[in-house]
Amino acid sequence: MRAGWSKNNKLLQPLHFVNLLSEIKTGPKCVVLTLVDVFDFHGSILPHLKDIIGTNPLHIAVNKVDLLPLDYSVDRVKQWVLQEAKQQCGLDRLRLSDIHLISAKTGEGIGPLLDATRGHAKQRHGDIYVVGAANVGKSSLLNRLAKFDGGQSWGGGQVKKKLKKKKQLALSSDGSSPPPFVMKKGITTSSFPGTTLDFIKMNVGSNVNLIDTPGLILQHQLTSILEPKELKAVIPLKRVDHVTLRVMEGKSVFLGGLARVEFISGRPFFMTFFMNHDVTVHPSPEQGDEADEFVKKHSGSILTPPFDSERCLGEMKAHDFEVEGDGWIQAGCDIVISGLGWFSITGVGNCNVRVIAPEGVMVVQRDPLMPFEAKDTMAKSTGGKIFKKVFKRKKRLR
């Protein structure tokens, strides 16, 4: 059960979720830690985050950085997150030191994150509240914190100390025994994380508790309408092997049978797609009604996911964007399809791009997160099949 998952259960609706977190704003002093998914930043950051935290200080843990290119610039990604968080949520008090790049899966950055938030909470004589959407990795993060006690970053030379006693996980609301999904070895994780409507308290040392809150299903994410097999195909679990295509006016790129990109007008541009490898990226000449028929005919076969030719995602909606190129070295912008991934656009001049996605799914234009990837990830398409060129990667531009 996840907040926002069922339309028929009032306890699971986003409004109830916000009310459930009201004690963060009105209760004792605390530190708030919010998790976001670097692969879906705009789709995973809580829209009412500023109202939820009140005057309490905020730390942002940017999870799943293990999905980014190996040579990504830490400083540039942090600056990008800071800028986007301020613009989208009005978090004017946020500082660069409040941004933490982590991987709950590999453990990268977990030590410094715990040190920073626990030290901040100790100064305020309060606890740490963890808030975030579903699918951002909160359960995986808590399992990491349950096994290790502070320390420096992984690979930094300091060995983590395993706790002599297993930390007791319990509900903070009434002191009752842990619910069935809390196991001795940790919190259950899956493609459907966030399986509790209660708060879970965990002692992290220095008289500080870490309090996990329910994960909210954000209805603007594509993942909210996908079936289990489709979710596994869409949500990346390992580093994404992005690909760059040269797209011309009148051409389209299908992203499985879930969405497509139509190049409406302009000189040819490069489009770099950051999607899970199980999502088919299929260039094609069809647009408009012909493209709709192509999806109906090939969804579940050439175009996956979905995997069933009869699968219907509901009404589709077109989103039009005007893009100003920034040259052949640096992308001019990203266009995000929340819950699916994003593509960056690189080139010279202006162009018009249309994205067709299921109605209700967030599709937004933003400043590029990985602006220098096009040159090293070029590919060509023959008969709908993509063949990547092999380049010797140079030192990454900052």
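Residues numbered from 1 in each chain as written. Predicted model: local features only at pLDDT ≥ 70, side-chain atom pairs only at ≥ 80, totals over all residues. Heavy atoms only, no water.

S.K.: Where do I start with helix α9 (residues 288–298) in this structure?
M.R.: The α-helix advances 3.6 residues per turn, and as a result positions three or four apart in sequence lie on the same side. Turning to α9, its buried residues are Ala-291, Phe-294, Val-295 and His-298. An end-on view of α9 places all buried positions within 100° of arc, on one side of the element. Along α9, the residues that are exposed and aim more than 90 degrees away from the buried face are Asp-289, Lys-296 and Lys-297. Where α9 is buried, its residues contact β11 (252–255), β12 (259–266) and β14 (281–284). Residue Gly-300 follows α9 closely and has a positive phi angle near 95°. (Buried < 20%, exposed > 50% of the residue type's maximum accessible area, 1.4 Å probe, protein only. Helix = DSSP H or I, 4+ residues; strand = E, 2+ residues; numbered from the N terminus. Arc of directions from axis to C-beta. Contact = heavy atoms within 4.5 Å.)

S.K.: Looking at this structure, how should I read the packing of helix α6 (residues 110–123) against helix α7 (residues 138–147)?
M.R.: Each packed pair of helices is defined by two parameters, the angle between the axes and the distance between the axes. For the pair α6 and α7, the least separation of the axes is 11 Å and the interaxial angle reads 85°. The angle between α6 and α7 falls in the class roughly perpendicular. Facing α6, whose interface residues are Ile-110, Leu-113 and Leu-114, α7 presents Leu-141, Arg-144 and Leu-145. Taken together, the residues of the contact of α6 with α7 break down into five nonpolar, no polar and one charged. (Axes fitted to C-alpha atoms, helices over the stretch in contact; angles between N-to-C directions. Parallel < 35°, antiparallel > 145°, perpendicular 65-115°, else oblique. Nonpolar A, V, L, I, M, F, W, Y, C, P; charged D, E, K, R; others polar.)

S.K.: Help me out: how do you make sense of the pairing of strand β4 (residues 127–132) in this one?
M.R.: Here β4 lies mainly inside the structure; five of its six residues are buried. Alignment of strand β1 (residues 30–37) against β4, held across six bridges, turns out to be parallel. Paired with Leu-33 across the two strands is Val-130, which belongs to β4. Summarising the sheet, β4 and strand β9 (residues 209–212) pair through three bridges and their orientation is parallel. Its bridge partner being in β9, Ile-128 is matched across the sheet by Leu-210. (Pairing = 2+ DSSP bridges.)

S.K.: Is there a simple way to think about the packing of aromatic side chains in this case?
M.R.: By convention here, two paired aromatic rings are described through the distance between centres and the angle between planes. Counted according to the given criterion, the structure contains eight aromatic pairs. A network of ring pairs unites the aromatic residues Phe-39, Phe-274 and Trp-342 as a single cluster. The lysine or arginine in question, Lys-229, covers the ring of Phe-307, its NZ or CZ lying 4.7 Å from the ring centre. Between the NZ or CZ atom of Arg-366 and the centre of the ring of Trp-342, over which it lies, the distance is 5.0 Å. (Phe/Tyr/Trp six-rings, centres within 6.5 Å; stacked < 30°, edge-to-face > 60°. Lys NZ or Arg CZ within 6 Å of the ring centre and 35° of its normal.)

S.K.: Help me out: how do you make sense of the confidence of the model for the protein chain in this one?
M.R.: Residues shown with low pLDDT carry predicted positions that ought not to be read at fine detail. Per-chain confidence: the protein chain averages 82 in pLDDT, with 78% of residues scoring 70 or above. Low pLDDT (under 50) marks residues 150–195, which in the prediction has 93 contacts with non-local residues, meaning those over four places away or in another chain. Across residues 390–398 the pLDDT falls below 50, and counting only partners more than four positions away or on other chains, this stretch makes 24 contacts in the model. (pLDDT = per-residue confidence, 0-100.)

S.K.: Help me understand the nonpolar core in this model?
M.R.: The nonpolar side chains of soluble globular proteins are, as a tendency, buried together. Of all hydrophobic cores here, the largest spans 64 residues; its most connected members are Ile-60, Leu-68 and Leu-141. When sequence neighbours within four positions are dropped, the list of residues in contact with Leu-68 reads Val-38, Val-77, Arg-239, Trp-342, Leu-369 and Met-370. Formed by 35 residues, the second largest nonpolar core is a distinct cluster that contains Val-261, Leu-313, Ile-345 and Cys-351. (Core = buried A, V, L, I, M, F, W, Y, C linked by side-chain atoms within 4.5 Å.)

S.K.: Sorry, what's going on with helix α5 (residues 74–89) here?
M.R.: Here α5 is 16 residues long and its end C-alpha atoms lie 22 Å apart, about the 22 Å a rise of 1.5 Å per residue gives. Every buried residue of α5 is listed here: Arg-76, Val-77, Trp-80, Val-81, Leu-82, Glu-84, Ala-85 and Cys-89. Buried positions along α5 lie against α3 (41–44), α4 (49–53), β2 (58–63), β3 (99–101) and β19 (363–366). Remark: Gly-90 follows α5 within two positions and exhibits a positive phi of approximately 65°. (Expected span 1.5 Å × (residues − 1).)

S.K.: Any chance you could explain the environment of Val-208 here in plain terms?
M.R.: Summarising the element assignment, Val-208 is placed in the loop between β8 (200–203) and β9. Look at Val-208 and you get buried, because its relative accessible area is 1%. Taking the C-alpha atoms as reference points, Val-208 and Lys-122, 86 residues apart in sequence, are found 6.6 Å from one another. Every residue in contact with Val-208, bar those within four places of it in the chain, is listed here: Arg-118, Ala-121, Lys-122, Gly-126, Asp-127, Ile-128, Met-202 and Asn-203.

S.K.: Honestly, empty space enclosed by the protein in this entry has me stumped. Any pointers?
M.R.: Once rolled over the atoms, a probe with the size of a water molecule shows which space is left empty. Inspection of every chain in the model, using the stated rule, returns three cavities of 30 Å³ or more. In this structure, the largest cavity encloses a volume near 150 Å³. Forming the walls of the largest cavity are 16 residues, and the residues nearest its centre are Asp-37, Asp-40, Thr-223, Ile-235 and Gly-339. The residue makeup of the lining of the largest cavity, split by class, is seven nonpolar, six polar and three charged. (1 Å grid on protein atoms, 1.4 Å probe; cavity = no way out; pocket = protein on both sides within 12 Å on 5 of 7 lines; lining within 4 Å. Points joined across faces, edges and corners; volume = space filled by probe spheres on them.)

S.K.: Help me out: how do you make sense of the state of the cysteines in this one?
M.R.: Cysteine pairs can be linked by a disulfide, which is a covalent bond between their two sulfur atoms. By the definition in use, this model includes zero disulfides. Here Cys-351 is not cross-linked by a disulfide; its sulfur's nearest cysteine counterpart is in Cys-333, at 7.4 Å. (Disulfide = S-S within 2.5 Å.)

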